[in-house]
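Residue strings, one per chain:
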Amino acid sequence: MKTSVDLMIENVERLFPGHKEVCKGASVAVDGGRIQAIGPAQKIAGLFDGTRTLDGRGKLLTAGFVDSHTHLVFGGERSGEFVLRCAGGDYEQIASEGGGIRASVRMTRAATLQQLVDSARPRLQRMMAAGSTTIEIKSGYGLDLESELKMLRAIRQLSEEFPIEIVSTFMGAHEIPDEWRHDRAEYVRIICEQMIPQVAREGLAEFCDVFCERGVFDSQESIQILQAGQEHGLKPKVHADELAASGGSQVAAQVGAVSADHLMEVTAEGIEALKGAGVVPTLLPGTTFYLRKSGYAPARSLIDAGLEIAIATDRNPGSCTIESMLFIAGLSVMHLGLTPSEAIVAATRGGARALGREAQCGTIEEGKRADLILWDVPDEDVLIHEFANQVPHVVCAAGRIVFDSHTAITDRSDLTSDQGV
Ligand code: NIG
Ligand code: FE
């Protein structure tokens, strides 16, 4: 008697990353949203019968991408700044003149909650179709209580609408808003005493992030904000050492942050601090690329120090509009010196660790959520070589097919999931 399961992915060429080396010709049985069994195709076919079946011959099966760092909810757009930068303008200079994050704050404050949801939806659809099955989204373009809550409620609405996992981060400390630039201490107090308690009361975020950077929040302010978050159950994350060595890695270590992100300018002491505290270094090479900087984060030094890195898109309206984790993995091989296998691991298991979700997703293992991407290539070398071109053959989130390149259907929870494959 065979056990009937929701989905069988049969005879894949290669399966990666997983907990054991499964040779060519493996099959995966999926049921109830989870991976029930992985093994040689013949053995799995003898034990399970799939309601639906995908033919994996000649194909690579990877875990779904975990994009652990995005700012994909925002009002308006900033293409003008991009054009200025390409003509020689500088990101920090543009920001100091009221552009950058503060420009997005004005446009986000002017948008309704529904406008924020509607403009973010196509971004999320594209990201899901590109294989991201877990996506973190930060607030931080509101910078006053009501506007931050509006952003977080938009994130919550999107998470209810989409069949992938969406993780919410409060980032009231993304920038000092125009109205508090004369009294930054008061803005820090508002974050700690008004915003964080309210966000926690409404259960609107899991993490609290701070832009610890020259000209933005200094180390002391960052620690104050992250500790206030911790007192209300929000786990810390840090934008650290992005544009200058600003002590962000040490801040992340001191508060026991889950991740320290960017790290383009991290120092040897910063790397030691991250290692000692078990902070996940999260590299965002799309931002370095997009800002046309030459100093990519020192990925090899981090790896040589024994740290397991994550990579993520940083999708936002200014410093990086790249949405595809495969594209980011390609940049990581080209500019961070990762091998294709290391890049895929950083985009899957690395991202899961950066969100404290390594027990749920990030690898193809029995018992884990069935977040899977079937690629029409035989291995990760071919995949990365074609990073600007490849789209997934099929994307599966919690056992459900959410993208199928044959029908080009991107499945949301308001659609039925019984299209042919
Ligand atoms: O991660 N570094 C700070 N925040 C974003 C930039 C956001 C923006 O330019 O709007 C980042 O790169
Ligand atoms: Fe960011």
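For the structure itself, look to the data block above.
Scope of this entry: the structure provided in the associated data block. Remember, it's a predicted structure, so these values are computed and weren't measured experimentally.

1. Some details on empty space enclosed by the protein
Right, so step 1: Across all of its chains, the model carries one cavity of 30 Å³ or more by this definition.
Right, so step 2: One number sums up the size of the largest cavity: a volume of about 110 Å³.
Right, so step 3: Forming the boundary of the largest cavity are 14 residues, of which Tyr-91, Ile-101, His-174, Asn-316 and Ser-319 lie nearest the centre.

2. Examining the pairing of strand E11 (residues 235-240)
Right, so step 1: Among the six residues of E11, five are classified as buried, and the element is accordingly described as predominantly covered.
Right, so step 2: Looking at chain direction, strand E10 (residues 207-212) and E11 are connected through six bridges and run parallel. Paired with Val-210 across the bridge in E11 is Val-238.
Right, so step 3: Of the crossover connections in this fold, the one passing from E10 over helix H8 (residues 219-231) to the parallel E11 is right-handed.
Right, so step 4: Pairing of E11 with strand E12 (residues 259-262) involves four bridges; the strand directions are parallel. The residue bridging His-239 from the neighbouring strand is Asp-261, located in E12.
Right, so step 5: After leaving E11, the chain enters helix H9 (residues 248-255) and then returns to the sheet as E12, a path that is right-handed.

3. Describing the coordination of the iron ion (ligand 2)
Right, so step 1: Of the protein atoms, only His-69 (NE2), His-71 (NE2), His-239 (NE2) and Asp-314 (OD) coordinate the iron ion (ligand 2), at distances of 2.1 to 2.5 Å.
Right, so step 2: As a motif over one chain, the donors of the iron ion (ligand 2) read H-x1-H-x167-H-x74-D. Neither His-69 nor His-71 differs from the other in exposure class; each is buried.

4. Some words on the side chain of Thr-363
Right, so step 1: Mapped onto the secondary structure, Thr-363 falls in the loop between helix H14 (340-354) and strand E15 (372-375).
Right, so step 2: Polar side-chain contacts of Thr-363 include one of 2.6 Å to the side chain of Lys-368.

5. A closer look at the packing of helix H6 (residues 145-161) against helix H7 (residues 184-201)
Right, so step 1: Where H6 meets H7, the closest approach of the two axes is 10 Å, and the angle between their N-to-C directions is 30°. Between H6 and H7, the angle falls in the class roughly parallel. Of the two possible hands of crossing, H6 and H7 adopt the one that is right-handed. Here Leu-145, Glu-148, Leu-149 and Leu-152 of H6 lie close against H7, whose contacting residues are Gln-194, Met-195, Gln-198 and Val-199.

Basis of the calculations
- Residues numbered from 1 in each chain as written.
- Chains lettered and ligands numbered in written order.
- Predicted model: local features only at pLDDT ≥ 70, side-chain atom pairs only at ≥ 80, totals over all residues.
- Heavy atoms only, no water.
- 1 Å grid on protein atoms, 1.4 Å probe; cavity = no way out; pocket = protein on both sides within 12 Å on 5 of 7 lines; lining within 4 Å.
- Points joined across faces, edges and corners; volume = space filled by probe spheres on them.
- Buried < 20%, exposed > 50% of the residue type's maximum accessible area, 1.4 Å probe, protein only.
- Helix = DSSP H or I, 4+ residues; strand = E, 2+ residues; numbered from the N terminus.
- Pairing = 2+ DSSP bridges.
- Right-handed = clockwise from strand over helix to strand, strands pointing away.
- Donors = N, O, S within 2.8 Å, 3.2 Å for Na, K, Ca; no water.
- Polar contact = N/O pair within 3.5 Å; in protein donor to acceptor, adjacent residues only side chain to side chain.
- Axes fitted to C-alpha atoms, helices over the stretch in contact; angles between N-to-C directions.
- Parallel < 35°, antiparallel > 145°, perpendicular 65-115°, else oblique.
- Left-handed = near helix turned anticlockwise from the far one by under 90°.
- Contact = heavy atoms within 4.5 Å.

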